[in-house]
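A structural walkthrough
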Amino acid sequence: MSSYLTGLIGSGIGPSLSPALHEREAARHGVPLLYRTLDLDVLGTPPEEVGELLRAARLLGFDGLNITHPCKQLVIEHLDELAPEAAELGAVNTVVLRDGRAVGHNTDVTGFAKAFARGLPDAPTGHVVQLGAGGAGAAVAHALLNLGVDRLTVCDTDPARATALADALTRRFGAGRADAGRPADVTTADGLVHATPTGMAAHPGLPLPAELLRPELWVAEVVYRPLRTQLLDTAAELGCRTVDGGGMAVFQAADAFRLFTGLEPHTEAMLTDFAQLTEPAAPFAGGRHG
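To start, this report covers the structure provided alongside it. The model shown is predicted, which means the values in this text are computed figures rather than measured ones.

This part is about the overall build of the protein. Within the protein, the regular secondary structure consists of 10 helices and 12 strands. In terms of overall dimensions, the protein is globule-like: its C-alpha atoms have a radius of gyration of 18 Å, near the 19 Å expected for 290 residues. For the protein, the spread of C-alpha atoms along the three principal axes comes to 55 × 40 × 35 Å. When the 290 residues of the protein are sorted by exposure, 52% land in the buried category. Sequence-distant contacts in the protein: of pairs separated by 6 or more residues, those separated by 24 or more amount to 71%. For the protein, the computed accessible surface area is about 11,700 Å², with 53% contributed by carbon and sulfur atoms. Once the 22 positive and 34 negative side-chain charges of the protein are each reduced to a mean point, those two points are 3 Å apart.

Strand order in the open sheet formed by 6 strands is β9-β8-β7-β10-β11-β12, and the pairing between neighbours is parallel. Edge positions in the sheet fall to β9 (178-180) and β12 (241-243), since each has one partner strand and no second. Taken over all neighbouring pairs, the strand axes of this sheet differ in orientation by 20° on average, direction set aside. Two elements, strand β7 (residues 127-131) and strand β8 (residues 151-155), share 5 bridges in a ladder whose sense is parallel.

Taken as a whole and judged by the stated rule, the model has 3 aromatic pairs. Residues F116 and W218 carry aromatic rings whose centres are separated by 5.0 Å and whose planes lie at 65° to one another, so their mutual orientation is edge-to-face. In this pair, F116 sits in helix α5 (residues 108-119) while W218 sits in strand β11 (residues 218-221), placing the two residues 102 residues apart along the sequence. Overall, F116 belongs to the buried group, its relative accessible area being 6%. Through successive ring pairs, a cluster of aromatic residues spans F112, F116 and W218.

Take the packing of helix α1 (residues 18-29) against helix α10 (residues 267-277) next. Where α1 contacts α10, the two axes come as close as 10 Å, and the packing angle between them is 135°. By the angle class used here, α1 and α10 are oblique. Considering how the two elements wind past one another, α1 and α10 form a crossing that is right-handed. Residue-level contacts link A20, L21, R24, E25 and R28 of α1 to A269, M270, D273, F274, Q276 and L277 of α10. Classifying every residue of the contact of α1 with α10 gives 6 nonpolar, 1 polar and 4 charged.

Right, let's talk about the layout of surface pockets for a bit. The probe, sized like a water molecule, is rolled over the atoms to show the empty space still left. Each pocket or cavity is described by its volume, and for the largest pocket that value is around 450 Å³. If you trace the largest pocket, you find 25 residues lining it, with D156, R161, A195, T196 and P197 closest to the centre. Its residues assigned to classes, the lining of the largest pocket comprises 10 nonpolar, 10 polar and 5 charged.

Of the consecutive residues H69 and P70, the connecting peptide bond is found in the cis state with omega at 5°. Within the element layout of this structure, P70 appears in the loop between β3 (64-67) and β4 (81-82). The amide bond that connects R225 to the next residue, P226, takes the cis arrangement and shows omega of 5°. At D99, a residue that is not glycine, the phi angle is positive and equals roughly 55°. Topologically, D99 is positioned in the loop between β5 (94-98) and β6 (101-105). A relative accessible area of 76% places D99 in the exposed class.

This brings us to the nonpolar core. Within the largest apolar cluster, 44 residues are counted, with the highest numbers of intra-cluster contacts made by F112, L144, L152, L169, V193, W218 and F274. Breaking this core down by element, the ones donating at least two residues are α5, α6 (135-146), β8, α7 (159-173), β11, α9 (246-261) and α10. Broken down by element, this core gets its largest block of residues, 7 residues, from α6. When near neighbours in sequence (up to four residues on either side) are disregarded, F274 contacts L17, L21, Y224, L227, G246, A249 and V250. I9, F62, L65 and V92 belong to the second largest nonpolar core, which has 18 residues in total.

Definitions and cut-offs
Residues numbered from 1 in each chain as written. Predicted model: local features only at pLDDT ≥ 70, side-chain atom pairs only at ≥ 80, totals over all residues. Heavy atoms only, no water. Helix = DSSP H or I, 4+ residues; strand = E, 2+ residues; numbered from the N terminus. Rg over C-alpha atoms; globule rule 2.2 N^0.38 Å. Buried < 20%, exposed > 50% of the residue type's maximum accessible area, 1.4 Å probe, protein only. Contact = heavy atoms within 4.5 Å. Areas by Shrake-Rupley, 256 points an atom, 1.4 Å probe, with all protein chains shown as cover. Lys, Arg positive; Asp, Glu negative; His and termini not counted. Charge placed at Lys NZ, Arg CZ, Asp CG, Glu CD. Pairing = 2+ DSSP bridges. Axes fitted to C-alpha atoms, helices over the stretch in contact; angles between N-to-C directions. Phe/Tyr/Trp six-rings, centres within 6.5 Å; stacked < 30°, edge-to-face > 60°. Parallel < 35°, antiparallel > 145°, perpendicular 65-115°, else oblique. Left-handed = near helix turned anticlockwise from the far one by under 90°. Nonpolar A, V, L, I, M, F, W, Y, C, P; charged D, E, K, R; others polar. 1 Å grid on protein atoms, 1.4 Å probe; cavity = no way out; pocket = protein on both sides within 12 Å on 5 of 7 lines; lining within 4 Å. Points joined across faces, edges and corners; volume = space filled by probe spheres on them. Core = buried A, V, L, I, M, F, W, Y, C linked by side-chain atoms within 4.5 Å.

Next up, the structure:
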């Protein structure tokens, strides 16, 4: 019988739900799978040394790794190959180690797309504002434009990073589909997608002024621990339709499990697992989608 050794590299990931999600799903298939967290903070390893952790994992016989903040872009130079979606994004959240090669994938794109379609199936998508242009933001932006958003406005605390992502999206999807802007642009948008760490226990608060929200707006969150962020609670109180980050966490994990094992995941059962693991949902410092 095949067995699998997998793990997660990132910062502040000790309480991640990925080990439980992957190990429970493997148990349903009757296969042994061990999922370990390689926390940069615990190891005292700077993000720039992610290549050393990858080399160690290869030597130890790991079958695959998930990659989360702050290593999704740093890991790329240490890989042998990139799947097309990861190459387009310039960000990797899943590495398959097989036949002596390390191949980078990105399941954040499909994870967000499936979660959005499930949580907001008929949401208007004429104009959407996205907060955050990092690794997660790039994946979510691609997912939104693939889903048919007419115009995506990208905002970031680093305006140059927002402009760079908007330019990359324009090259990929065509003129007029993406631009860089400000959070205030949400006042005329159909929807708001939040893809920054704000809302986690280590980064409490709102990512934009509450007065910019209005009842007609829908709001999608990427943070999943806590499952109900201050942004979602504030938006819901105003009457906005909302979707939390839980669906993305589960669907990206399911897609990664398929890549690691070749087995078809039971996504509905994994959604049930997630609900059990987050009830009650206690906030902690980690937890976007790793």
